[in-house]
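Structural characterization, general
Listed below are the residues making up each chain.
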Amino acid sequence: MYLPADKMGLHLRGGYIYPTQQPANTTVASRKNPMGLIIALDDNNAASGNLFWDDGESTGTIDSKAYIYYEFTVSNNVLTMTAINSNYADPNNLMFEEIKILGSLQEITAVTVSQNNVGENFPHNITYYPSEKVAHITGLQLELGKSYTVQWSQQLSVNERFDCYPSPNPTQERCEQLGCVWDETSGPGIPSCYYSSDNAYSVDQVEYTSSGLAANLILNSANTKANEDYTTPISTLRLEVKYHLNHMLQFKIYDYQNARYEVPVPLNLPSSPTSTDEERLYEVSVQKKPFGIQVRRRSTGRIIWDSQLPTFTFSDMFIQISTRLPSQYIYGLGENEHTAFRRNTSWHSWGMFTRDQPPTYELNSYGHHPFYMALEEDSNAHGVLFLNSNAMDVTLQPTPALTYRTIGGILDFYMVLGPTPELVVQEYTALIGRPVMPPYWSLGFQLCRYGYVNDSEIAQVVEEMKAARIPHDVQYADIDYMERQLDFTIGTRFAGLPALVNKIKEEGMRFIIILDPTISGNETNYPTFSRGVQDDVFIKWPNTNDIIYSKVWPFLPDVEVNESLPEETQIQLYGAHAAFPDFLRNSTAEWWKREILEFYNNPTNPSRSIKFDGLWIDMNEPAAFLNGAIGGCRNELLNMPPYVPHLGYRSDGLSAKTPCMEGQQYLPDGTPARHYDVHSLYGWSQTKPTLEGLQDATKERGIVVTRSTYPSSGRWAGHWLGDNTAAWDQLTASIIGMMDFSLFGISYTGADICGFFKDSEYELCIRWMELGAFYPYSRNHNQKGTRRQDPASWNATFEEISRNVLNIRYTLLPYFYTLMYEAHAHGSTVIRPMLHEFVEDRTTWEIYEQFLWGPALLISPVMQQNAVTVNAYLPNARWYDYHTDEDIGIRGQFSLLPSPLEHINLHIRGGYILAWQKPANTTFYSRKNPMGLTVALNDTLRAEGQLYWDDGVRIDAYEDGVYLLTSFTANQNVLDITVLHHGYSDPNNLMFTEIKVLGVPSKVTQVNISQNGGTIASSHAVDYNNTKQLLTITNLQLELGRSYTVQWS
């Protein structure tokens, strides 16, 4: 029971009416105050009560009948106030001025008062609290001692409607068959068919323990209406609530009489709950009839989950639950393209089911992330994971409320209580697993395209980038390098690729290749396929030994391919039978790792071995170029279930652009599973074995970039935002996408710079290079048949702008790498929404065209054509222009900042210290260069920061302690450099040679360096710029890995 220190447990019994009077310090005074009624309705919406009133002092008032006696009754929305006896006139002219109705399930929209059947007219107000189900009527003037009738009408406000027919094409007849109300409305998205009665489940008996509660949910079959087979509600369900941690709880609803599929993704849960009654941030109550769960934040009393709503139902192939939201501010739920970071709550439905869907507004795309973060009106934040992998949708409505509909599995929810947005993500990633630590080189600039003709073309691009002195760490090959798009092969036009890879690696670069999941079954000598058959790795038709084949990228052998035909036509004509490995099986994971190792080493012909450094896994939704399988699917029910969620190609069912849902798969423990249930886990299941195979082969950390993701994918991979288009709106979409994935625990993200589809355009591509220089995954990539768009392909101005902005990126990589460590070790966000740092400022709740690197660097890109300014919001902090080191003097407001074509606005936040390093064309060389610190003082002349440093490639460097962690703290005129962990010494004898201190208020003439309390000799130079309030100390020799104190005076 929620009982904060200032409350005691008082409960009003339903069915009774309680007369009240406003209190005072004495009853003499209080008897003069206005009166009121509290009506506590029972299950039948009825109540009764009475009131005796006399002068409160005299004797014999009962015998002399010198009193007022009322009988109050309520039924059918009518309160009858009958004064049975009225032989006392109170001298204070008392009136009933307010009525509170508890348990009012619908909003009260009108109240009429009559006396002797004659209407009374006086102004009154009605307030309705939907979460509490309380109506409060004020401004009444009902004289004490007179009889009245008070009648109210209830109407479901449009915002309180919950959709009773979410399938396409509702009609009045279908709606009324379900026992729902039909009322056609004009508003887009507003349901015409909506519930008018409670949900059909009630709670049998709640069993409480110190670490949670459990109960059975019983179906009241009288309330259930016509349902098709497979959507008939299950008669008895089990509810379990576990208080795992003080900030995290789980509630789970399942059919305890019949085992159902549950998501096999492992979560980090305590073996037994460790929360305590005193420390828990939440309070859970179960409403018995109709069933509902309420979760309340203890510190504020605010309800943050409230599912006592009419939508709740649980059947084999249709499960639905709704909750009220504490505000309109909800973020997350992916992967799909949307137009702002905050989700639109005015009647929008978002499907989740992994699909090869290029980013398109509202369509379900590559990943499946049923996780949201919500802000409460008082700036607290919480997060909710719905652990379910079946096809589903989520409807957001302005109530505000959210409805989940899924077509399988169980209801399994995890809620983290923050209370800050950044803590929400840290708690969520503690649950699902922290983001992967990328190698240092993978933070360099990367170049790729689909449609390289041969290895010479790749070699030429690398040389042109080098000649233009544009930083370039990683080069790619797309499926062009393969023989007819067959995994683990090298095509004849790319016979020189192994040698090219070796050459560019000797020059300090790295190479990444693509792998698709599907394997051709039409080859006579293709060991990858034959070994896969031998190890039984492919998805089969149920109850047979037959592999399911579809068409994807692999082409048939011995055919002359007409490359002038459209790609889709080529695949129809030349596509091979492609089999889908079942990566959930342990045997498949082992087979895949061996194939990766074999391709890397090529023991039969080492000259053909390809020494890749990272793997890019595509098409793993899994994607297919025809719906279902060659010859069609065989199970109509699974591919076109009774309810198809709000997905793209809804009329095509679930097998649109993907294999058949009846495909037989096996969980790691050997349990059979239908593709129907585990489809959205396909990319997730491929990711971990891919990283393990890569690390087995290269003996280095490496990087995997995956297209399809599910909660916890970030433990093993980064993600690019897919096949975008060269269009201006895609710049904003990329920021929103990265911020979404920050919430999802995947920090290594970015979009194809300059756009994948269509020819890019000069100004667009420049602005995109400027923005993309601040993507964690910074890669320029485009489609076959489009123009070249790499930075060396335009003109000298383009090269210069690209070089300059990438040099800023490379300069800041030590700070950025430290953010990646923070994400990996503590679950912090790297691409950080402004609201994560300034949540008390409600303006930031709507900002999505700017973002932060961690807490300290604000990026405000231009994303409109022909714009030479940007309207940027500068939250309430001290901000320094990165380019000039000057305090800009703007805070807590929007400002129009100049931004000519060659410029991107970057601001350093006062209070932070950024470590940096002189840039080079690759990180191999930049890591050998002198380092520096930028100390940006805040208003109280303080600042802090950290630097994480390791060899950049070692597997588990952080876990094994083979790293260096240094903290920086500035206070007034002293900077302390302190080594916190010394597990690594860099072979390049790195030194901090320059320190810039921003915001130093008075002239500095002297700087002293000390170590262990004693001053040490140093031949540094000191410069103080009075105009900029900038102190620059150069020619320092402060060794990385040692502690120092720097003092200026």
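Residues numbered from 1 in each chain as written. Predicted model: local features only at pLDDT ≥ 70, side-chain atom pairs only at ≥ 80, totals over all residues. Heavy atoms only, no water.

1. Describing the overall build of the protein
Tallying secondary structure elements over the protein gives 17 helices and 62 strands in all. By the compact-globule yardstick of 31 Å for 1049 residues, the protein fits well, its C-alpha radius of gyration being 33 Å. Seen along its three principal axes, the alpha-carbon backbone of the protein occupies a region of about 115 × 80 × 55 Å. Taking all 1049 residues of the protein together, 60% fall into the buried category. Carbon and sulfur atoms provide 47% of the accessible area of the protein, an area that totals close to 39,100 Å². One way to put it: in the protein the 75 positive side-chain charges average out to a point 3 Å from where the 116 negative ones average out. (Helix = DSSP H or I, 4+ residues; strand = E, 2+ residues; numbered from the N terminus. Rg over C-alpha atoms; globule rule 2.2 N^0.38 Å. Buried < 20%, exposed > 50% of the residue type's maximum accessible area, 1.4 Å probe, protein only. Areas by Shrake-Rupley, 256 points an atom, 1.4 Å probe, with all protein chains shown as cover. Lys, Arg positive; Asp, Glu negative; His and termini not counted. Charge placed at Lys NZ, Arg CZ, Asp CG, Glu CD.)

2. Some remarks on the sheet that holds strand β48 (residues 879-881)
Reading across from one edge, β44-β45-β46-β50-β48 is the order of the five strands in this open sheet, with antiparallel pairing throughout. Among the strands making up the open sheet, the edge pair consists of β44 (831-832) and β48. Looking at chain direction, β44 and strand β45 (residues 851-853) are connected through two bridges and run antiparallel. Counterpart to Arg 832 in the pairing with β45 is Leu 852. (Pairing = 2+ DSSP bridges.)

3. Re the nonpolar core
Of all hydrophobic cores here, the largest spans 212 residues; its most connected members are Tyr 481, Leu 497, Phe 774, Phe 851, Trp 853, Leu 975 and Ile 995. Looking at this core, the element that brings in the most residues is helix α15 (residues 813-826), giving nine residues. If you look at the next biggest cluster of nonpolar residues, it comprises 48 residues, including Met 352, Tyr 372, Met 392 and Leu 396. (Core = buried A, V, L, I, M, F, W, Y, C linked by side-chain atoms within 4.5 Å.)

4. Re the sheet that holds strand β29 (residues 411-416)
Sheet architecture is open: eight strands sit in the order β14-β15-β16-β17-β29-β26-β25-β23, paired in antiparallel fashion. The two strands at the open ends of the sheet, each matched to only one other strand, are β14 (201-209) and β23 (330-334). Taking the axes of each pair of neighbouring strands and ignoring which way they run, one obtains an average angle of 15° across the sheet. In terms of strand pairing, strand β25 (residues 369-375) meets strand β26 (residues 381-386) through five bridges, oriented antiparallel. In the sheet register, Phe 371 faces β26, and the bridge partner there is Leu 385. Docked against the sheet, helix α3 (residues 421-432) engages β17 (248-254), β25, β26 and β29, running at close to 30° with respect to β26. (Axes fitted to C-alpha atoms, helices over the stretch in contact; angles between N-to-C directions. Contact = heavy atoms within 4.5 Å.)

5. So, the packing of aromatic side chains
This model, assessed by the stated rule, comprises 54 aromatic pairs. With centroids separated by 6.4 Å and ring planes inclined at 25°, the aromatic side chains of Phe 599 and Phe 612 adopt a geometry described as stacked. With Phe 599 in helix α8 (residues 586-601) and Phe 612 in the loop between α8 and β36 (614-617), this pair connects stretches of sequence that are 13 residues apart. Taking the relative accessible area as the measure of exposure, Phe 599 reaches 7% and is therefore buried. Ring geometry for Tyr 958 versus Tyr 963: centroids 5.5 Å apart, planes at 40°, classification tilted. The class for Tyr 958 is partly exposed, based on a relative accessible area of 25%. Among the aromatic residues, those joined into a ring-pair cluster are Tyr 481, Phe 488, Phe 529, Phe 538, Phe 583, Trp 591, Trp 592, Phe 599, Tyr 600, Phe 612 and Tyr 682. When the ring centre of Tyr 476 is taken as origin, the NZ or CZ atom of Arg 779, which lies over that ring, is 5.0 Å away. The ring of Trp 616 carries the charged tip of Arg 779 above its face, separated from the ring centre by 4.4 Å. (Phe/Tyr/Trp six-rings, centres within 6.5 Å; stacked < 30°, edge-to-face > 60°. Lys NZ or Arg CZ within 6 Å of the ring centre and 35° of its normal.)

6. Focus on the pattern of salt bridges
Inspection of the entire model under this criterion finds 53 salt bridges. For Glu 207, the salt bridge is made with Arg 238, and the minimal N-O distance between the two is 3.1 Å. One end of the pair, Glu 207, is in strand β14; the other, Arg 238, is in strand β16 (residues 236-245), and 31 residues separate them in sequence. What makes Arg 238 buried here is its relative accessible area of 16%. Arg 585 serves as the salt-bridge partner of Asp 536, at 3.5 Å between the closest nitrogen and oxygen. Of this pair, Asp 536 sits in the loop between α6 (527-534) and β34 (549-550) while Arg 585 sits in the loop between β35 (578-579) and α8; the two residues are 49 residues apart in sequence, bridging distant segments of the chain. What makes Arg 585 buried here is its relative accessible area of 17%. (Salt bridge = Lys/Arg side-chain N within 4 Å of Asp/Glu carboxyl O.)

7. Some points on the side chain of Gln 357
Note on placement: Gln 357 falls in the loop between β24 (348-352) and β25. At 3.1 Å, the side chain of Gln 357 and the side chain of Thr 360 are in polar contact. In this view, Gln 357 contacts Leu 363, Asn 364, Ser 365, Tyr 366, Tyr 649 and Lys 657; residues no more than four positions away in its chain are not counted. (Polar contact = N/O pair within 3.5 Å; in protein donor to acceptor, adjacent residues only side chain to side chain.)

8. Overview of the packing of helix α12 (residues 729-743) against helix α13 (residues 762-772)
A pair of packed helices is characterised by two quantities: the angle between their axes and the separation of those axes. Orientation of α12 relative to α13, taken along the N-to-C sense of each, is 15°, at an axis distance of 10 Å. Between α12 and α13, the interaxial angle falls into the category roughly parallel. Viewed along their axes, α12 and α13 form a crossing whose handedness is right-handed. Here Gln 730, Leu 731, Ser 734 and Ile 735 of α12 come into contact with α13, specifically with Leu 764, Arg 767, Trp 768 and Leu 771. Partitioned by chemical class, the residues of the contact of α12 with α13 number five nonpolar, two polar and one charged. (Parallel < 35°, antiparallel > 145°, perpendicular 65-115°, else oblique. Left-handed = near helix turned anticlockwise from the far one by under 90°. Nonpolar A, V, L, I, M, F, W, Y, C, P; charged D, E, K, R; others polar.)

9. So, the environment of Trp 553
Within the fold, Trp 553 resides in the loop between β34 and α7 (567-574). Since its relative accessible area comes to 10%, Trp 553 is described here as buried. Between the C-alpha atoms of Trp 553 and Ser 651, which are 98 residues apart in sequence, the distance is 25 Å. For Trp 553, the contacting residues outside a window of four places in its chain are Tyr 450, Ile 479, Arg 484, Gln 485, Asp 516, Glu 567, Ile 571, Met 619 and Phe 625.

10. Side note on α12
Between its first and last C-alpha atoms α12 spans 22 Å; for 15 residues at 1.5 Å apiece the expected length is 21 Å, and the two agree. The buried count for α12 comes to 14 of 15 residues, which makes it a mostly enclosed element. Of the residues flanking the end of α12, it is Gly 745, one or two places downstream, whose phi is positive at about 80°. (Expected span 1.5 Å × (residues − 1).)

11. Here we look at the layout of surface pockets
Quantified by volume, the largest pocket comes out at close to 2,000 Å³. Looking at the largest pocket, it is lined by 47 residues, and the ones nearest its centre are His 11, Glu 132, Gln 287, Gln 294 and Arg 296. Listed by contribution, the elements that provide at least two residues to the lining of the largest pocket are β2 (35-40), β6 (95-102), β14, β18 (282-287) and β19 (292-297). Take the lining of the largest pocket: its biggest share by element is five residues, from β18. (1 Å grid on protein atoms, 1.4 Å probe; cavity = no way out; pocket = protein on both sides within 12 Å on 5 of 7 lines; lining within 4 Å. Points joined across faces, edges and corners; volume = space filled by probe spheres on them.)

12. Describing the pairing of strand β5 (residues 78-86)
Sheet topology note: the strand β4 (residues 68-75)/β5 ladder contains eight bridges and is antiparallel. Bridging across to β5, Val 74 finds its partner in Leu 79. Between β4 and β5, which pair antiparallel and follow one another directly, the connecting turn spans two residues, one of which, Asn 76, has a positive phi of 50°. Inspection of the sheet shows β5 paired to strand β11 (residues 148-154) by four bridges, in the antiparallel sense. Along β11, the bridge assignment pairs Met 81 with Tyr 148.

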